[in-house]
Amino acid sequence: MIQHDFDEITDRRGTDSEKWNNYPPDVLPMWVADSDFKCPAPVIEALLERVRHGVFGYCKDDLGKIEKASAHWMRTRFGWDVRPEWVVFSPGVGTALSVAVSAFTNPGDYVVMMTPIYPPFFTAPAFNGRKALSSPLQAGKNGWEIDFDGLESLLAEARSKLLLLCNPHNPTGKLLSEGELLRTGELCLKHHVLVLSDEVHCDYVFGDRKHIPFSSLSPELADISLTAINPSKTFNLADLRTGGVISSSTPLRERYRTAVTNAKLGRSSLGLLAYEVAYTQCAYYVDQLVPYIKGNLDCAVDYINERIPGISVGMPEATYLLWLDCRGLGLSQKRLVEFFLREAKVALNSGLSFGPEGLGFMRLNAACPRAVLREGLARIERACRAFADKRGAPPPALKA
Ligand SMILES: Cc1ncc(COP(=O)(O)O)c(C=O)c1O
């Protein structure tokens with residue numbers, strides 16, 4: 001069995017990395033949701049061999065590599081019996097959100113989502129002349145809860161045609177339970193709303209909880225839904241622009257396929273190969289990665305709640321993202337973003353980029369070697385302690 005070294009620190013500067021290119025060298029980037037880990041060794045070996053071949057003309061996947069590999073992963077990891085012919089290639093789940101909005105809704109229609117949310121959920125409707133409707137998650141006793149009455153009132157709107165579901169949920173790290181998925185599905189069936197379920201974070205689930213693909217729950221839900229997956233998050237392959245959209249519903253799938261073909265969203269042989277090798281040969285990597293990430297999250301949650309004044313955080317049920325409640329610092333959002341960048345020297349995502357519910361929050365990406373995570377936390381602690389010492393007085397009221 002290969003042992004992957006998740007403690008290994010790899011310098012990503014100078015590799016066209018969005019995460020590492022955006023800020024000066026003294027700022028530690030903990031924002032964009034990719035990991036800082038090398039991808040699995042079998043993927044690297046397969047890519048090297050393909051690169052050595054040296055010819056990169058147009059690609060055609062005669063063997064259905066992505067389709068078969070997706071079916072294999074869904075069956076072996078989630079017990080969902082996906083047939084390869086249910087899978088349509090998509091160069092990214094972000095792309096799938098946008099394609100689904102244009103394929104399944106008309107200009108002026110409404111697209112529903114649970115907020116705060118990964119920003120392309122609301123930019124996809126906005127850029128396509130549709131309206132995004134937000135159903136805010138509520139902070140409850142047991143973590144983030146769905147306001148089902150509020151959700152139903154949005155789904156019941158005559159122009160609501162599509163629910164963009166995010167499970168596991170970015171940025172809160174919520175994992176929807178079977179009960180929540182079924183209730184959400186019943187409401188969509190009742191109000192004739194289709195579902196695109198973004199499950200790109202499905203492999204990062206902790207403890208006894210299990211990820212349940214929305215479409216796997218019943219034939220009725222399968223008939224109204226498509227599921228978007230990508231090994232990009234799990235195996236750190238986002239640069240290779242792959243993805244798969246799964247639906248057992250022939251009309252939905254073919255409509256989706258037509259939209260992808262129409263936009264000429266093609267595949268690359270490097271992406272195909274990485275996708276296939278990751279999903280068929282690299283389960284060992286995930287089995288080692290998930291406990292490592294859980295260790296990172298445990299370490300960060302304890303550190304923040306015990307040592308950092310003004311910030312609190314709950315343990316996510318899934319994903320490698322921490323949704324930091326920074327309202328205790330009493331800073332406006334603009335100042336909060338500046339505070340992390342200029343005083344703590346760490347780059348986080350502003351909570352407001354995930355919608356108005358993110359006011360006073362910041363998102364921290366913990367998918368990095370533990371030593372790097374500790375360095376980031378120490379920087380935040382130093383800045384927050386200095387800030388608390390300077391301020392002395394209770395924080396002023398929060399404003400945007
Ligand atoms: C919820 C969610 N969906 C989609 C994406 C983007 O996925 P892809 O790289 O497949 O476009 C991300 C990346 O951060 C994400 O968090």
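Criteria and cut-off values
Starting afresh in each chain, residues are numbered from 1 along the sequence in its written order. For a predicted model such as this one, the threshold for reporting local features is a pLDDT of at least 70, and the threshold for listing and counting side-chain atom pairs is 80 or more; totals across whole chains, interfaces and linings nevertheless cover every residue. Note that the side-chain values use all heavy atoms of the structure and ignore hydrogens as well as water. A strand pair is defined by DSSP finding two or more bridges across the two strands. Labels follow the DSSP assignment, with helices taken as runs of H or I lasting at least four residues and strands as runs of E lasting at least two, numbered in each case from the N terminus. Definition used in this section: a nonpolar core is a set of buried Ala, Val, Leu, Ile, Met, Phe, Trp, Tyr and Cys residues joined via side-chain atoms within 4.5 Å. Classification of residues uses two cut-offs on accessible area relative to the type maximum, computed with a 1.4 Å probe and protein chains only: under 20% is buried, over 50% is exposed, and between them is partly exposed. What fixes the domain bounds is an automatic or database domain assignment. Note on contacts: a residue pair qualifies if any of its non-hydrogen atoms lie within 4.5 Å across the two residues. For crossovers, right-handed means that the path from the first strand over the helix to the second runs clockwise, given strands pointing away from the viewer. The directions considered for the arc are those from the helix axis to the C-beta atoms. In this text, near means that some heavy atom of the residue lies within 4 Å of the molecule or strand in question. Definition of a polar contact: a pair of N or O atoms within 3.5 Å, with one able to donate and the other able to accept a hydrogen when the atoms are protein atoms, and with sequence-neighbouring residues admitted only if both atoms are side-chain atoms. All accessibility values rest on the Shrake-Rupley procedure with a 1.4 Å probe; residue burial counts only the protein chains present in the view. Throughout, the ten residues Ala, Val, Leu, Ile, Met, Phe, Trp, Tyr, Cys and Pro are labelled nonpolar, Asp, Glu, Lys and Arg are labelled charged, and all others, Gly among them, are labelled polar. Under the pairing criterion, centres of Phe, Tyr and Trp rings, with the six-membered ring standing for Trp, must be within 6.5 Å; the plane angle then separates stacked pairs below 30 degrees from edge-to-face pairs above 60, leaving the rest tilted. Two thresholds decide whether a charge sits over a ring: the Lys NZ or Arg CZ must be within 6 Å of the ring centre and within 35 degrees of the ring normal.

All right, on to the sheet that holds strand β14 (residues 361-365) then. On the basis of which strands lie adjacent, the open sheet formed by three strands has the order β11-β14-β13 and antiparallel pairing. Lying at the two open borders of the sheet, with one neighbouring strand each, are β11 (321-325) and β13 (349-350).

I311 and F340 are the most contacted members of the largest nonpolar core, which totals 79 residues. Composition of this core by domain shows at least three residues from each of domain 1 (18-40 + 284-386) and domain 2 (54-281). If you look at the next biggest cluster of nonpolar residues, it comprises 50 residues, including V93, M114, L137 and V200.

Let us look at the side chain of E381. Mapped onto the secondary structure, E381 falls in helix α14 (residues 370-391). Taking the relative accessible area as the measure of exposure, E381 reaches 10% and is therefore buried. Leaving out residues up to four positions away in the same chain, E381 has contacts with Y303, R307 and I308.

The buried fraction of strand β3 (residues 110-115) amounts to six of the six residues, a majority that puts the element mostly inside the structure. Side-chain alternation along β3 places Y110, V112 and M114 on one buried face and V111, M113 and T115 on a second face that is also buried. In this fold, β3 hands off to helix α5 (residues 120-127), which returns the chain to strand β4 (residues 131-136); that crossover is right-handed. Note: β3 against strand β7 (residues 160-166), four bridges, orientation parallel. Considered in β7, the bridge of M113 is made with L164.

Looking only at α5, the buried set comprises F121, A124 and P125. For α5, the angular spread of the buried residues around the axis is 90°, confining them to a single face. Exposed and facing more than 90 degrees away from the buried side of α5 are A126 and F127. Here the buried face of α5 lies against α4 (93-104), β3, β4, β7 and β8 (194-198). A positive phi of about 70° marks G129, the residue just after α5.

Moving on, we get to the site of the ligand. Surrounding the ligand, one finds 14 residues, the nearest of these being V93, N170, D198, N230 and K233. A distance of 2.8 Å separates an oxygen atom of the ligand from a polar atom in the side chain of N230. Taking K233, its side chain carries an N or O atom lying 3.0 Å from an oxygen atom of the ligand. When the ligand is considered free in solution it has 400 Å² of accessible area, and contact with the protein chains removes 93% of it. Of all the elements in the fold, those that place two or more residues in the shell around the ligand are α4 and α9 (231-235). Classifying every residue of the shell around the ligand gives five nonpolar, six polar and three charged.

Here we come to the side chain of Q288. Position of Q288 among the secondary structure elements: in helix α12 (residues 283-307). For Q288, a relative accessible area of 16% corresponds to the buried category. A polar contact is formed between the side chain of Q288 and the backbone nitrogen of H4, at a distance of 2.8 Å. Excluding anything up to four places from it in sequence, Q288 contacts M1, I2, Q3, H4 and F6.

Evaluation of the coordinates by the stated rule reveals 17 aromatic pairs. Consider the rings of Y204 and Y320, whose centres lie 4.9 Å apart with planes at 85°: the pair is edge-to-face. Taken together, the positions of Y204 in the loop between β8 and α8 (219-223) and Y320 in the loop between α12 and β11 put the pair 116 residues apart, joining distant regions of the chain. Each of the two residues, Y204 as well as Y320, counts as buried. Look at W323 and F361: their rings are 5.1 Å apart centre to centre, the planes differ by 15°, and that puts the pair in the stacked class. Taken together, the positions of W323 in strand β11 and F361 in strand β14 put the pair 38 residues apart, joining distant regions of the chain. We classify W323 as buried; its relative accessible area is 6%. The rings of F6, F37, W73, F235, Y275, Y279, Y284, Y285 and Y292 are connected pair by pair, giving a single aromatic cluster. Here the basic side chain of K131 rests over the ring of Y110, its NZ or CZ set 5.1 Å away from the ring centre. Stacked on the ring of Y292, the Lys or Arg R370 has its end atom at 4.5 Å from the ring centre.

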